Amino acid sequence: MQAQRVHRSTALPAWVGTTGPAEDVVLSTRARLARNVEGIPFPSRARNTDLRRVTEIVTNAVRDSEGRFGKLRIIHPEHMSWLDRRTLVDAHVASRQHVAGGNHRLVVVNEPATLSLMVNEEDHLRIQCILPGFQPMTALHMAGEFDAFLSGKIRYARADNYGYLTSSLGNVGTGLRLSVLMHLAGLGFVREAASILTAAAELKTSVRGLFGEGTDAIGHLYQVSNATTIGFSEREIASRVRAAADHLIARERGVRRGLASDSEMLYAVEKAREKLMEARTLNGRDAAVYLSILRLGSALGVSSDLSLTDFNELLVSMHLGTTALSGGKGYRDTGSINDDMKRAKLIRAKLSEKREAGQLALPEES
């Protein structure tokens, strides 16, 4: 049997340590499918006995997978440390609401964490595939394969006139949310980020912050996703999201071409490096802003401070999900001074590692 109970987080997802298509602009692509079990109330209305029944149904289905989707682990967030729960959120394997929930909530994840399943979040099942770079069709295909397997074991709630029934009306229909995590720092640097919203609206897509709905785009990181799930097929939705992302990638690259020799850009990279090397405390927002500038500098070829994967690793290790877990709207930096000190130390260590390897010409710390 491949599924097993563990009370700790898995290794960091594959998208963190690897890159993919359009890696200069796109960090990852995620396809998420919302499903509910027929005859059982949605989680917001369900009793504990209902939620327990869902976990039993899903656990039995996962046990039957027999390695078809790789080695699957069943994680119980309520038995995990606060640190491990934050890591799941930072890595986008689970949502802030899910790990801060209650009993009978599970996360099922495969070995590379490309495929995962949240059980009893807003819906009974949230199936998701997250891949490095820009891979909308591949992510949709992989999530669809897992969904097809589970649908052979679990009877989903659906209606002929509407499609899959979900807790939120915004997910009724296909239940698909296809999102692309993009680094649009060039547009932000030249103060054209507001145009992102206009372009997204015209292509029937939406733009959210790093941790989804209700959060800000710290460090110029945006999630571009479909705005509706009903009235369109999964392929039509994928086509819309792909068109919006292609448009934004082209605009971002166009802006970046003019920044490589821009003196203001070079100065911003130097100041960001200096701030990060000198800081002994860093709140999450400031850390993301400075690292975003260094990532942009690396993409432009004007610095070698951070590789793309270095940025990813820091992004999911800084515990920005601490604020997301607070439940407040937007990004409010509510981390402790201890978190701020650890964050600053982590970043200094990464930059110093580069310097000691001869990749950076930085002054010695005083």
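## Looking at the packing of helix H9 (residues 263–278) against helix H10 (residues 284–300)
Reasoning step 1: Put simply, H9 and H10 touch, their axes get as near as 9 Å, and they point 130° apart. Taken together, the axes of H9 and H10 lie oblique to each other. Note that H9 runs across H10; the crossing there is left-handed. Here H9 contributes Met265, Ala268, Val269, Ala272, Arg273, Lys275 and Leu276 to the contact with H10, which in turn contributes Tyr290, Leu291, Ile293, Leu294, Leu296, Gly297 and Leu300.

## Some thoughts on the nonpolar core
Reasoning step 1: By size, the foremost hydrophobic cluster in this structure holds 90 residues, and its most contacted members are Leu117, Leu150, Met182 and Ile347.
Reasoning step 2: When sequence neighbours within four positions are dropped, the list of residues in contact with Ile347 reads Leu276, Leu282, Ala287, Leu291, Leu314 and Met318.
Reasoning step 3: Counting residues in hydrophobic clusters, the runner-up holds 12 residues, among them Leu88, Ala91, Val107 and Met118.

## Things to note about the pairing of strand S2 (residues 26–35)
Reasoning step 1: Taken across its 10 residues, S2 has 10 buried, putting it largely inside the fold.
Reasoning step 2: Alignment of S2 against strand S9 (residues 176–183), held across 7 bridges, turns out to be antiparallel. Paired with Val26 across the bridge in S9 is Met182.

Thresholds applied
- Residues numbered from 1 in each chain as written.
- Predicted model: local features only at pLDDT ≥ 70, side-chain atom pairs only at ≥ 80, totals over all residues.
- Heavy atoms only, no water.
- Axes fitted to C-alpha atoms, helices over the stretch in contact; angles between N-to-C directions.
- Helix = DSSP H or I, 4+ residues; strand = E, 2+ residues; numbered from the N terminus.
- Parallel < 35°, antiparallel > 145°, perpendicular 65-115°, else oblique.
- Left-handed = near helix turned anticlockwise from the far one by under 90°.
- Contact = heavy atoms within 4.5 Å.
- Core = buried A, V, L, I, M, F, W, Y, C linked by side-chain atoms within 4.5 Å.
- Buried < 20%, exposed > 50% of the residue type's maximum accessible area, 1.4 Å probe, protein only.
- Pairing = 2+ DSSP bridges.

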